[in-house]
Amino acid sequence: IKDVSFNMIGIPNQSYAISQTQVTQALYRAVTGKSPSHFSGDNLPVEQVSWEDGIAFCNALSTKLGLNPAYRGTDNNCQLIEGANGFRLPFEEEWEFAAKGGHNFKYSGSNNFAEVGWYIGNSGGKTHSVGQLKANGYGLHDMSGNVWEWCADDYSNPGQHRPGASERAFRGGGWSGSADDCGVSYRYDYSPDYRYNYLGLRLSRSLD
């Protein structure tokens, strides 16, 4: 992945970092050799990836960069390895804290959604290159809109990774949805093998 760069931002006074943008198609392809997305473009967010695809991607990226994988296994029964320094999916609480960016805006970075996010009202029916719109207070882009982002949690038990959970949480809203779906507190769920063209991911990593 030497020709594909991505930035991790440490969240102030927290013990984790989160990627500045959604995982791009270029990064996903460099790690996995696969191009699953409906829309095509190196700097577009990867989509049509399941929760299980996200786990496998996190472990593969960790291995390529010489980090300790955060998961034992890559399917829905995988176990989260405490203390591993590799990449993982963010927990909802981490995701929401990061998305707020130190403020209490409705959306990530603004109360004016058009400044910060792509949704049905401005997307033109497609995803857009990551990082084009205004960042939030922590320098994070697209945490409202563009594509939804898988989180680690068992939807019915927020804060728990829980192997075998039937529904996994995702956050942030996407290009095909309403502005209300893109608020920082809105949450939704699907089965861990679900894939669609409005659903991608963002990386997290423990710093302790």
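None of these values were measured; they are calculated from a predicted model.

Student: Which residues make up the overall build of the protein, and what values go with them?
Tutor: When you go through the protein residue by residue, the secondary structure sums to 4 helices and 10 strands. When the helices and strands of the protein are listed from N to C terminus, the series reads β-β-α-α-β-β-β-α-α-β-β-β-β-β. Over its C-alpha atoms, taken along the principal directions, the protein stretches across nearly 40 × 35 × 30 Å. Counting all 208 residues of the protein, 52% fall into the buried class. In the protein, the share of contacts with a sequence separation of at least 24, taken over all contacts with a separation of at least 6, comes to 63%. For the protein, the exposed surface amounts to about 8800 Å²; the carbon and sulfur share of it is 43%. Positive and negative charge centroids in the protein, built from 17 and 22 side chains respectively, lie 5 Å apart.

Student: Can you explain the pattern of salt bridges? Please cite residues and give values.
Tutor: Under the criterion given, the structure shown has 11 salt bridges. Across the pair Arg-29 and Asp-42 runs a salt bridge, and its minimum N-O distance is 2.6 Å. Of this pair, Arg-29 sits in helix 1 (residues 25–32) while Asp-42 sits in the loop between helix 1 and helix 2 (51–64), and the two are 13 residues apart along the sequence. Taking the relative accessible area as the measure of exposure, Asp-42 reaches 47% and is therefore partly exposed. Of the charged contacts, one joins Glu-94 and Arg-88 as a salt bridge, the two residues approaching to 2.9 Å between their closest N and O atoms. Summarising the burial analysis for this pair, Glu-94 and Arg-88 share the class buried. Among the ionic contacts, a cluster of salt bridges with common partners joins Glu-92, Glu-96, Lys-100, Arg-171 and Arg-187.

Student: Tell me about the environment of Gly-66, and name the residues and values.
Tutor: Relative to the helices and strands, Gly-66 resides in the loop between helix 2 and strand 3 (71–72). Owing to a relative accessible area of 65%, Gly-66 belongs among the exposed residues under this scheme. Separated by 19 residues in the primary sequence, Gly-66 and Asn-85 have C-alpha atoms spaced 9.8 Å apart.

Student: Before we move on, could you go through unusual backbone geometry and cite the residues and values that matter?
Tutor: Even without a glycine there, the phi angle at Gln-48 is positive, about 60°. With respect to the secondary-structure elements, Gln-48 resides in the loop between helix 1 and helix 2. You will see that Asp-142, though not glycine, has its phi angle at about 60°, which is positive. With respect to the helices and strands, the residue Asp-142 is situated in the loop between helix 4 (113–116) and strand 6 (148–154).

Rules used in this analysis
Residues numbered from 1 in each chain as written. Predicted model: local features only at pLDDT ≥ 70, side-chain atom pairs only at ≥ 80, totals over all residues. Heavy atoms only, no water. Helix = DSSP H or I, 4+ residues; strand = E, 2+ residues; numbered from the N terminus. Buried < 20%, exposed > 50% of the residue type's maximum accessible area, 1.4 Å probe, protein only. Contact = heavy atoms within 4.5 Å. Areas by Shrake-Rupley, 256 points an atom, 1.4 Å probe, with all protein chains shown as cover. Lys, Arg positive; Asp, Glu negative; His and termini not counted. Charge placed at Lys NZ, Arg CZ, Asp CG, Glu CD. Salt bridge = Lys/Arg side-chain N within 4 Å of Asp/Glu carboxyl O.

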